[in-house]
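Per-entry structural report
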Amino acid sequence: MTTAMSVTADREQSVVEQVPKGLWIGGGTHPAAGGATLAVTDPSTGEVLAEVADASVEDGRAALDAAVDVQGSWAATPPRERGEILRRAFEMMTARADDLALLMTLEMGKPIPESRGEVTYAAEFFRWFSEEAVRIAGSWSTSPDGATRLLTMKRPVGPALMITPWNFPLAMGTRKIGPAVAAGCTMVVKPAAQTPLSMYALADILREAGLPDGVLNVVTTSSSGKVMEPLIRDSRLRKLTFTGSTVVGRRLVEQSAEQLLRVSMELGGNAPFLVMADADMDAAVDGAMVAKMRNMGEACTAANRFLVHESVADEFAQRMAGRMGSLRVGRGTEEGVQVGPLVDAVSRDKVAELVQDAVNRGGRVLTGGDTVGDRGWFYSPTVVADVPTDAVLQTEEIFGPVAPVSTFATLDEAIGRANDTEYGLVAYAYTRDLATALSLAEQLDTGMVGINQGVVSTPAAPFGGVKQSGFGREGGREGIEEYLETRYVGIRPQ
Ligand code: NAP
C-alpha cells in the first residue's frame, strides 16, 4: 500500500502522466477546439501538476451530441450487460486503488489513507448499482372496475448532465454515473476544474470495463457557466444532477426550468452535532473527530456546529482540543500526515476570516486558529469554544478544520437550535437514551440523521437533503429512481 512510506516524485509523475488529459467524447480523448488547456494545481505546493483540455461551448455541445447519438442503443442494452460493466469497473477501481488514491491526493490534497477510503467508497457505488441494474421492475394490476389491466414499466430518463464538485472527486461522480449506467441513461459529466484528473482516470477505467463509446462523456472547462448553460437549455437533455454549492444549484434549477428537466440537487450543509448530557463521551469525541475532520472538514456532511449540553460542554471542548491539536498537518503524500491543505487560497482565507469573526464576538480558541507554513493552503485544526449564535461560523458552511462549540440546556432548545438554519442535509446526535434518540430522529429537520455515529454516507442508503440542501437522493434503492421514468400502459382485453 502507498501508505507505508512517503511517495517518490517519480511515482507522483508517473500516475499523473498515465491519465488522459483531453476531453472524453464518444469514447476517445480529444483536444479542446482551439487547443485551450487549463492548469491543475497541487494545493499542498501551489505547483502545476498537469494541463487538461479547456472545453468551449462547441466542445460541450459535441459531448451532448455523442450522448444523444447512443441513448437509444444504450437503453436497449440488456440490464445484465449494463450491470456487468459496472461490476468490472468496481473490480478495476479496487485493483488500481493505490494509483487512484495518489492521483486524488495530488490534485485535491487529502492524505493518502483518506483518498484510499474515497476510492473504496466510490467503487462501492458501482458494485451497488451493478446489482440494482437487474432489479428494475414495473407492476401489473387490474383497474378497480375490472375493465382494464394497468401495466407500469420503467424507462431511462434519457441523456443526463452531471456536474460534480472537487471535494470528493471520484465518489461524487460514481454515485451519479453508477445509477445512470444501471438505468440505461447516457451522460455528460463535468467535474470541478480543480480536480479533473480523477474523473478522466475513471472514464478510462469505464472504457476498459466495456462501456460503449458515447455513453459517458467528460468535459473539463474553466468557463463552467458558459459551457453548461447551453446544454441545460438544450431540448435533447432530459436530466440534470448537480452536487455543489447552494448558490450555484439555485441558478441551475432556474436554467433547468426552460426544458422542465428532471433535476437532482445535492447542495450545501450546516450539520449540527448534538452531544446530550448522557452521551458516551469517548464515543462522542471519536464521532465528532470523524464528522468534523473527514476530508479536512471540506464535506457537505461535515459537523459545522457542535451543540453540547452545558453539563458536559467543557469536558467535550477540552477533549476535542486535545485530539485536534495532536493531528499532523502536511502534504497528503507524506507518511503519517492526517490533515492536508485546503483546496485553494480563497478557501483557506475564508476559514481564517470565520475564526476571526467568532473570536471578535467572544469565542475562545482552544487550539489552532492560524494558517500553517508559507507554501500551500494549510490551516491548523481548530476548536473555538463559547461561540455565540450570531457568529458567522454558526450560520455558514465552514468547509475547513474548525470545530465551534456552544452549549444548550434542554432537549427542546437543542432541537430548536439545530433546526435554526436554512440547510437540512444531515444532523448527528449522541445519547444513550432511546426516547431522546427517537425524538431527535423525528424532529431534526434534515434528510439524514446519524445517531451515535459520525458518518452516514454509504452506497446502500439514500443520501440527500431538505430545505436549501436540495432534493433528490443518491444511493440506496432510491438512487436509481432518479434516472428512471414510469410509463403506464392501460390494456383493455378485447
Ligand atoms: P460549486 O462552486 O458550486 O461547484 C460545483 C461544481 O459546479 C463545479 O464543477 C463547478 O465548476 C460547477 N459550477 C460552478 N459554477 C457553475 C455554473 N454557473 N454553471 C454550471 N456549473 C457551475 O461548489 P464547490 O465549492 O466546488 O463545492 C463545494 C460545495 O459542494 C459545498 O457547498 C458542499 O456542501 C457541496 N457538496 C454537497 C454535497 C452533497 O451531496 N450535498 C457533496 C459534496 C459537496 P468549476 O470547478 O469550474 O467552478
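The rules we used
- Residues take numbers from 1 onward in each chain, read along the sequence in its written order.
- In keeping with the predicted nature of the model, local features appear solely for residues at pLDDT of at least 70, side-chain atom pairs appear and are counted solely at 80 or more, and the whole-chain, interface and lining totals rest on all residues.
- With hydrogens and water set aside, each side-chain value is computed from the structure's full complement of heavy atoms.
- Here, strands pair whenever DSSP counts at least two bridges between them.
- The secondary structure listing takes helices from DSSP runs of H or I that are at least 4 residues long and strands from runs of E that are at least 2 residues long, numbered from the N terminus.
- Note on definitions: angles span 0 to 180 degrees between N-to-C directions of axes, and those axes are lines fitted to C-alpha atoms, for helices only across the stretch in contact.
- Should any heavy atoms of two residues lie within 4.5 Å, those residues are counted as being in contact.
- Lining residues are those with an atom within 4 Å of a point, where the points come from a 1 Å grid over the protein atoms alone and group into cavities, where a 1.4 Å probe fits but cannot get out, or pockets, open sets with protein on both sides within 12 Å along at least five of seven lines.
- Grid points are joined across faces, edges and corners, and a volume is the space filled by probe spheres set on the points.
- All residues other than Ala, Val, Leu, Ile, Met, Phe, Trp, Tyr, Cys, Pro, Asp, Glu, Lys and Arg, Gly among them, are scored as polar; the first ten of these are nonpolar and the last four charged.
- An automatic or database domain assignment supplies the residue ranges for each domain.
- Accessible-area loss on putting two parts together, using a 1.4 Å probe and summing over both, is the definition of buried area adopted here.
- The term salt bridge refers to a pairing of a side-chain nitrogen on Lys or Arg with a carboxyl oxygen on Asp or Glu at a separation within 4 Å.

1. A few points about the sheet that holds strand 18 (residues 402–408)
Spatially, the seven strands line up as an open sheet ordered 14-17-18-13-12-20-21, and their pairing is mixed. This sheet does not close on itself; its edge strands, each paired only once, are strand 14 (364–367) and strand 21 (448–451). Each strand axis lies, on average, 25° off the axis of its neighbour in the sheet, ignoring direction. In terms of strand pairing, strand 12 (residues 271–275) meets strand 20 (residues 426–430) through three bridges, oriented parallel. Along strand 20, the bridge assignment pairs phenylalanine 273 with tyrosine 428. Lying on the sheet, helix 12 (residues 345–360) is in contact with strand 14, strand 17 (382–385) and strand 18; it crosses strand 17 at an angle near 25°.

2. Some details on the layout of surface pockets
Which parts of space are left empty comes out when a probe the size of a water molecule is rolled across the atoms. Estimates place the volume of the largest pocket at around 1100 Å³. For the largest pocket, the lining is made up of 41 residues, of which Trp166, Phe242, Gly244, Ser245 and Val248 are closest to its centre. Elements with a minimum of two residues in the lining of the largest pocket: helix 8 (224–232), strand 10 (239–243), helix 9 (246–256) and helix 12. No other element matches the seven residues that helix 9 contributes to the lining of the largest pocket. Class assignment of the residues belonging to the lining of the largest pocket gives a composition of 19 nonpolar, 12 polar and 10 charged. Reported here for the second largest pocket is a volume of approximately 190 Å³. Sorting the residues of the lining of the second largest pocket by element identifies helix 1 (9–18), helix 4 (97–108) and helix 7 (196–208) as the ones contributing at least two each. Looking at which element gives the most residues to the lining of the second largest pocket, the answer is helix 7, with four residues.

3. Remarks on the domain arrangement of the protein
Examined at the domain level, the protein breaks down into domain 1 (2–267 + 470–488) and domain 2 (271–458). Between the C-alpha centres of domain 1 and domain 2 there is a distance of 30 Å. The contact between domain 1 and domain 2 buries some 2400 Å² in all, and 53% of this surface belongs to carbon and sulfur atoms. Among the residues of domain 1 in contact with domain 2, Pro43, Ser44 and Trp166 are the three that bury the most area, contributing 20% of the side total. Note that arginine 331 and aspartate 42 form a salt bridge whose closest N and O atoms lie 2.6 Å from each other. Contributing elements (two or more residues each) for the side of domain 1 that touches domain 2: helix 4 and helix 5 (112–132). Here the side of domain 1 that touches domain 2 takes four residues from helix 4, the largest share from any one element. A class-by-class count of the residues in the side of domain 1 that touches domain 2 yields 13 nonpolar, nine polar and six charged.

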